[in-house]
Amino acid sequence: MAEATNMRLRLPLLCIILEVILIILFGTLVEYNVDTDAKLWNANKNQSATRHDYENEFYYRYPSFQDVHVMIFVGFGFLMTFLQRYGFSSVGFNFLIAAFSLQWATLMQGFFHGMHHGKIHVGVTSMINADFCTGSVLISFGAVLGKTSPVQLLVMAIFEVTLFAVNEFILLTILGANDAGGSMTIHTFGAYFGLVVTRVLYRPNLDKSKHRNSSVYHSDLFAMIGTIYLWMFWPSFNSAITNYGDPQHRTAMNTYYSLASCTLATFAFSALVNPEGKLDMVHIQNAALAGGVAVGTAGEMMLTPFGSMIVGFLAGTISVLGYKYLTPVLESKLKIQDTCGIHNLHGMPGVLGAVVGAVTSALASPAVYGNGLQRVFADGEPGEWNAQSRGGFQAISLVVTLGMALIGGLVTGFILKLPIYGAPPDTHCFEDGLYWELEFNAYNIKLSVI
Amino acid sequence: MAEATNMRLRLPLLCIILEVILIILFGTLVEYNVDTDAKLWNANKNQSATRHDYENEFYYRYPSFQDVHVMIFVGFGFLMTFLQRYGFSSVGFNFLIAAFSLQWATLMQGFFHGMHHGKIHVGVTSMINADFCTGSVLISFGAVLGKTSPVQLLVMAIFEVTLFAVNEFILLTILGANDAGGSMTIHTFGAYFGLVVTRVLYRPNLDKSKHRNSSVYHSDLFAMIGTIYLWMFWPSFNSAITNYGDPQHRTAMNTYYSLASCTLATFAFSALVNPEGKLDMVHIQNAALAGGVAVGTAGEMMLTPFGSMIVGFLAGTISVLGYKYLTPVLESKLKIQDTCGIHNLHGMPGVLGAVVGAVTSALASPAVYGNGLQRVFADGEPGEWNAQSRGGFQAISLVVTLGMALIGGLVTGFILKLPIYGAPPDTHCFEDGLYWELEFNAYNIKLSVI
Amino acid sequence: MAEATNMRLRLPLLCIILEVILIILFGTLVEYNVDTDAKLWNANKNQSATRHDYENEFYYRYPSFQDVHVMIFVGFGFLMTFLQRYGFSSVGFNFLIAAFSLQWATLMQGFFHGMHHGKIHVGVTSMINADFCTGSVLISFGAVLGKTSPVQLLVMAIFEVTLFAVNEFILLTILGANDAGGSMTIHTFGAYFGLVVTRVLYRPNLDKSKHRNSSVYHSDLFAMIGTIYLWMFWPSFNSAITNYGDPQHRTAMNTYYSLASCTLATFAFSALVNPEGKLDMVHIQNAALAGGVAVGTAGEMMLTPFGSMIVGFLAGTISVLGYKYLTPVLESKLKIQDTCGIHNLHGMPGVLGAVVGAVTSALASPAVYGNGLQRVFADGEPGEWNAQSRGGFQAISLVVTLGMALIGGLVTGFILKLPIYGAPPDTHCFEDGLYWELEFNAYNIKLSVI
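Named according to an unreviewed UniProt entry, chain A is Rh family, B glycoprotein (gene/pseudogene) originating from Cyprinus carpio. Here chain A is described in UniProt, under the heading Sequence similarities (unreviewed entry), as follows: "Belongs to the ammonium transporter (TC 2.A.49) family. Rh subfamily."

Looking only at helices and strands, chain A has 18 helices and two strands in total. Relative to the globule expectation of 22 Å for 450 residues, the C-alpha radius of gyration of chain A, 22 Å, shows essentially globular dimensions. Over its C-alpha atoms, taken along the principal directions, chain A stretches across nearly 65 × 55 × 45 Å. Every one of the 450 residues in chain A was classed for burial, and the buried ones make up 69%. Sequence-distant contacts in chain A: of pairs separated by 6 or more residues, those separated by 24 or more amount to 82%. Working note: accessible area of chain A is about 12,800 Å², and carbon and sulfur atoms make up 65% of it. Averaging the coordinates of the 23 positive side-chain charges in chain A and doing the same for the 29 negative ones gives two points 8 Å apart.

This next bit is on helix α10 (residues 246-272) of chain B. Residues that lie three or four places apart on an α-helix share one face, since the helix turns once every 3.6 residues. For α10 of chain B, spanning 27 residues, the distance from its first C-alpha to its last is 39 Å, which sits close to the expected 39 Å at 1.5 Å a residue. When you tally the buried positions in α10 of chain B, you get 26 out of 27 residues, the bulk of the element.

On to the confidence of the model for chain A, then. With 96% of its residues at a pLDDT of 70 or more, chain A shows a mean pLDDT of 94. Segment residues 444-450 of chain A: pLDDT under 50, and 22 contacts once partners within four positions in sequence are set aside and those in other chains are kept.

Before going further, it helps to examine the interface of chain C and chain A. Taken together, the 82 residues of chain C in the interface contact 85 residues of chain A. Summed over both sides, the interface of chain C with chain A buries roughly 7,200 Å², with 71% coming from carbon and sulfur. When the buried area of chain C at its contact with chain A is split by residue, Y217, H249 and Y256 of chain C rank highest and sum to 11% of it. Scanning the region where chain C abuts chain A turns up one salt bridge.

Note on the identical chains: chain C maps onto chain B by a rotation of 120° and an axial translation of 0.0 Å, with an RMSD of 0.0 Å. Such a combination of rotation and displacement between the chain copies is what one expects of a three-fold axis. Comparing interface residues between copies, only 19% of those in chain C also sit at the interface in chain B, which points to a heterologous contact through distinct surfaces.

Calculation criteria
In this numbering scheme, every chain counts its residues from 1 along its sequence in written order. Throughout, the order in which chains and ligands are written sets their labels, letters from A for the former and numbers from 1 for the latter. pLDDT decides what is reported in this predicted model: residues at 70 or higher carry local features, side-chain atom pairs at 80 or more are listed and counted, and totals for whole chains, interfaces and linings draw on all residues regardless. Here the side-chain values reflect all heavy atoms present in the structure, with hydrogen atoms and water set aside. UniProt positions are given in the numbering used here, feature names are shortened, and annotations may be inferred rather than shown by experiment. Numbering goes from the N terminus for both helices and strands, where a helix is a DSSP run of H or I of at least four residues and a strand is a run of E of at least two. In this description the radius of gyration comes from C-alpha coordinates, and the expected globular size is given by 2.2 Å times residues to the power 0.38. Each residue's exposure class comes from its accessible area (1.4 Å probe, protein chains only) as a fraction of the maximum for that residue type: buried when under 20%, exposed when over 50%, partly exposed otherwise. By the convention used here, residues are in contact when the closest approach between their heavy atoms is within 4.5 Å. To be clear on the numbers: accessible area is Shrake-Rupley with a 1.4 Å probe, and residue cover counts the displayed protein chains and nothing else. Charged residues are defined narrowly, with Lys and Arg counted positive, Asp and Glu counted negative, and His plus the chain ends left uncounted. A single reference atom marks each charge: NZ on Lys, CZ on Arg, CG on Asp, CD on Glu. For a helix, the expected span equals 1.5 Å multiplied by the residue count minus one. Each residue gets a pLDDT score, which is the predictor's confidence in that residue and runs from 0 to 100. Here the quantity called buried area is the total loss of accessible area, with a 1.4 Å probe, experienced by two parts when brought into contact, counted for both. What counts as a salt bridge is simple: a side-chain nitrogen of Lys or Arg found within 4 Å of a carboxyl oxygen of Asp or Glu. A least-squares fit on C-alpha atoms brings the copies together, and the residues used are those whose pLDDT is at least 70 in both copies.

Have a look at this one:
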C-alpha cells in the first residue's frame, strides 16, 4: 500500500510540469489590460481627461475579489475540515488545487471569452472569474473528499476547468444568459460534475473506512469557520461581477436577505427531522448556505428582498431534507458516495436558482427596471426586449449546463479511474496519514488536548 | 429532562412562524431605495448628469458593512466558544439569532426611522444598521450564555430588537444625539438589558453546572479568533455609518489608536492583579476590546489620537478590574450571573463612551471643526451651534438608554421565565449535548485529539 | 524559577510606562492630516471645488489597510500557534507587541519621513505604514518564539521599530528606492535582525525543551488559519501604499500570480524531499507564502504575470529546500536557533525580492511604462530616467538593509541578554504555563477533547 500511494515522484512531477506549462503559456499569451498596464492606463487617462484614478476597476471590484478569495481558500478549505482525520488534506489539497485552478482558469476563460489580437487581457475581473471557476472545482472536490489522491484532484481540475470555460462560454456568450453568481455555471455544473465523477469512482467497500468518515467536536468547530465565512461573504460573491452601481448593490442585498431566511429554515428543519429535536451540525454547516446558491442567477434582478427571502427559505428546506432523506438513497440506490453532500448544498439549490432566474427574467419589464433594464440584461435594449425569450434562454442554459456536467464528469471519472494516481485503498480513505507527515510528539497528552 | 428541553416542535414552529411573518411584512412594507432600485438609480443618474456609478453608496459603505458582518457572525460567535462544552451552541445560536434579528431589525428600524409613503427603503446603510441592532442582542446573549434555550433567545431577540429601535429613535431622532459607533445604543443598551434579563433568570443552583462553566486549551484559542476579528474590525464598526469623507476616516483612526492603547493596559493589569503575575485569557479575550466600545460615541469627533489613547487606556483598565473584582460581587451580592462578563466589556466601557461623547461634544467649536462642524453634528449649523446644549443632550441620551434597558430587560426577563421554552435544567447548563446531536465516533482517540 | 520568570511587576510596569510615554508624545506631536481633520478637509473641499468626498484617501486605502491589519493580527498571530503548548503566547504576545509597535512606529516613521511644522500628520497611509513596520517586528518574533519573555519582546520592539524607521528613511528618502511591499524594508530587515538576535541569545541546552518544540494535529490546523489569511491578503499588502490606479491594481495582480505559482512549487518540493513522498505541514504553512515576499519590491513594476510566476516558483523552491537542508545547518554550525524558520520564509525570499526588484528597475523603460513611468519610479521624469542607476540604487538598498539588520540585531541581542527580563529557563521554553493562567477543569476529558 505504501508503495501504491506514494506521492514522491508523481505529485512533484505533475506540479512542476503543470506550472512550467502555465508559465510558458502566460509568457506567450497573457498581457495586462488597460486598467493594469502602466502605459495604457495613463495614456487613456490623459487623452480622455474624463478618466480618473478612482475609476480604475480596482476600486469597484477589489474588495469583492478579496471576499471571494476568502470564500475559496478559507470558506471551502475549512468547511471540509469537518472530518476527524482529514483536516490537513481538506485545507491543504483545497489550497493546492485552487492555486492551480485559478491559473489554468485564467487561460481557459481568456481563450473562450475573447482574445485581443491573440492575447488574453487580465485584471481584477479576470481574477474574480478565475476564482469563480476554481469554486466549481472545489465543489466537485467535496463529492470525492477523502477518496482521491492529490494527483487525481489536479487531473480532475485540468478537465473541469476546461469544461467550465466551455460551458460558461455557451451560456454567457452564445445564449446571452444572466448568471452573475453562478447558480448554473458554478454550482449546478460543479455539483453534477462531481457527483458523476464520484459515481464512476464508486467504492463498494468504502465501509472499511467508515470509522473515519465522521466528525469530532473540534473538527466541527473548524468547519464552522468555513461555513460562517462562506455565509458572510456570499453577498460579495454574487455581486462581484455584476455591473457597477445599482446591480452590484442590489445583488449583495438580495443575497443577504436570502441567506438570513435560509438560516431560519435550516435550524427549523434540522430540529424537526431529528427524533429528539436535536440540531445536526452537518445541516447547519451546509444547508444554511443554500440561500446564497439559490439567488446566484436572480440576485442581480429586481427579485426584491421579499422574493429573496422566499427563495432562501425554500433552499434551506430542500437542502436539509436532502441531507436527511436523499443522500442515503443516492448512496444505497445510485451508488453515489457524496462525502460533503454537495447535491444538497450546490446541486438542488443550484437548479432552484436557475429556475428562479428563468422565471424572474421572464417577468422583467421596462416598467420595473426603467433605464436600468439594459444594465441587467445585455439584450434589454429599448424596443427589443422580449422577457419570455430571455426566460426561455435561461431555461435552456440550465439544460446545457446539466448536459455538460454529466458528460464531462463521466469522461473525467473514467480518466481518474486509471490505477496510476496513487488513490487511497478502501481501508485508508479519509486519512491524512497517507499523504502527510504525522509524527507528533505530544509530550503531555492530557494538557495538550484540553 | 429530555422531554422538558426537547426542541423538536418548539424550535421549528417558532422559526417557521417568525420567518413567515417576516416574509409577509417584507412583501408589504419593504422597497429598494434609490441606490438599489434599477429604475430609480438610473433615472436619477440620467437626469442630474452629476451622479456617477461610483457615487452609489455601495462603494462608500459596503467594505465597512462586510467588516461589521464579520464582527457579528465570526467575532461574537467565536468569542463565545471559550466554554469547553458549548462551542456548537455559541457559534450556532449566535448564527440563528443574528440571522433572525437582522431581518426583524430592518423592519423595526425602518418603521421608527422614517417610512417613505408607507414603505421602508433598504440599502447598504439599512443593512449596517440592522447588523448594529443585532450586535446589541448578541451582547445580551453573552450574559445568558449557556443558561437559555434557542427558543428563549429568539423570544428575547424579538423584544430586544423592538426596544432597541425605540431607544435609537429617541436618541438619534428626538434628542439629536451622536452615537455612530453605538456606545449608548448598542453597548450600554445591550449590556444592561442582558444583565437585567440574567438577574431575573437567576439560578441559585447554577453551581451544579460549574464544572462546565470554564474553558479548555483549544476552546480558548477558538475564542481568540473571535477576539482578534472584533479588535481588527472595530475601526470599521465605529465608522460604518458616519458621514462620508473626513468623519469616516477620522473615526476609524481614533478607534485604531484607542484599541492599541487599551491592549497594553489590558496586558498590564491582567498580570498585575494575578498573584503570580500570570496573564488571564479571559481578560485578553475581552478587556482588550473595551477601547473600541469606549470611543463609540466620540470617535467621529475631533477626539484626536491622543484623546483616543487615553480613553482606550482607561477602558482596558476598568474592564480588567471589573472582571477581577466586580463580577464576583455582582454574582454573590446582586445575583447577576453574567457568563461572558458583558458588564466589563460592554457595560462600563459603554457608559464611559457615553460620558466621553458628552464631554467631547460640549467642547466642540467652529474653531476646531470649521466647515466640518455640521458634518459631525446635525445641529452644527453656523450661528446656531450650542456646544453645552449638545453635551447635555448626549448626557440625557445615556440616562434614557439606561432606563430603557433596565425596564425592557425586566419585562423581557419575566417573559423568558415562563416554563414553556425548554430552558436547560441547572445540572445541564453550558452543555451542547442538550440541543445538538453529539454522536462522535473517534476511532483513534490518541491521534484524533492531538 | 517561578521567581525568575514572574511577570507581576516587570510586565505591568513596562506596559504602563511605555503607554504613558506614547500618550504624551502623541499629545505633543501628532495631528490629523488633511484627510482626517474636520476643518482642513472641508476647507480644502470648498476652495478647490474639485475635491469630492470620494477622493478622500480613506476610500483608496482603507480596504487594503484592513487586509494588512488581518495579516498582522490573525496572519502572524495564528501562523505561530503551530507549537503544541505555546498557542496562547503566540497569538497573545503577537497581539501585545503589535499593539505597541504600531503606536511607536507611527512616531518613529513620522519623525523620519517628514514633520510638518514640528508635527506628525496621521491618516490611513500612516496606519498602513505603522502596520508594515509592525510586521517586521513580528518576523523577528518568529525567530525567538518560545524562548523570550513578553518583556524581552517589547524591548526588542522598541529598538527594532526605531531602526526600521531609520533604514526605511535611508532607502526610500535618501536612496529613492522602490519597495512598496517591503521585500527589503520589512522582510529582509526583519529576518536578519531576528536571526542575529536569536544567535546572540543562543541556548546550548535548548534540547531540554525539545519535546515541546513541535506541533500536534490541531495546533497545525490553527496555524493554517494564519497561513491562509497571509496568503490571501498578500496582494493587498504589496499594493497597499503604491500609487493610485494602475500601480495598485497591477501590484495586487502580480502578487496573486506569484503566490499561486509558489504554492505549486511548495507542494512539489515538499513531497520530493521526503523519503516517503509525504507532505510536511511546516513547508505548506510557510514556503507557500514566499511568493508574496519575493515580489514585494518588483510587484508594482511591469513585472508581468509571467515574471511574477517565475519569481514565485523560485521563492517556493528555495524556501522548502531551506527548511529541509539549511535550517538544521544554521542551528548546528552557526548556532542560530530559528523557531519558525524565518530565514526560509522572509530572509532568502526577501533577498530574492530585492534582487528581482533591482533587475526589473534596471530594465524599466519609457517604451514599456509610457506616462506611467513616473508614477512607479519617483525619479522617472521624462528625459531624466536612468534605468541602470535606479537598478544600482536598488542593489545598494539591499546592502544597506542587511548591514542595518545585522548591526541592529547584534546590539539589540546583547541588550536582551541582560538577566532582568524574566526569560524562560532552558527546561521551560515553548511553554504557555510560564506566563498564562492554565487551570483547566476538563470535566469530561473524553468528550471535551474529541
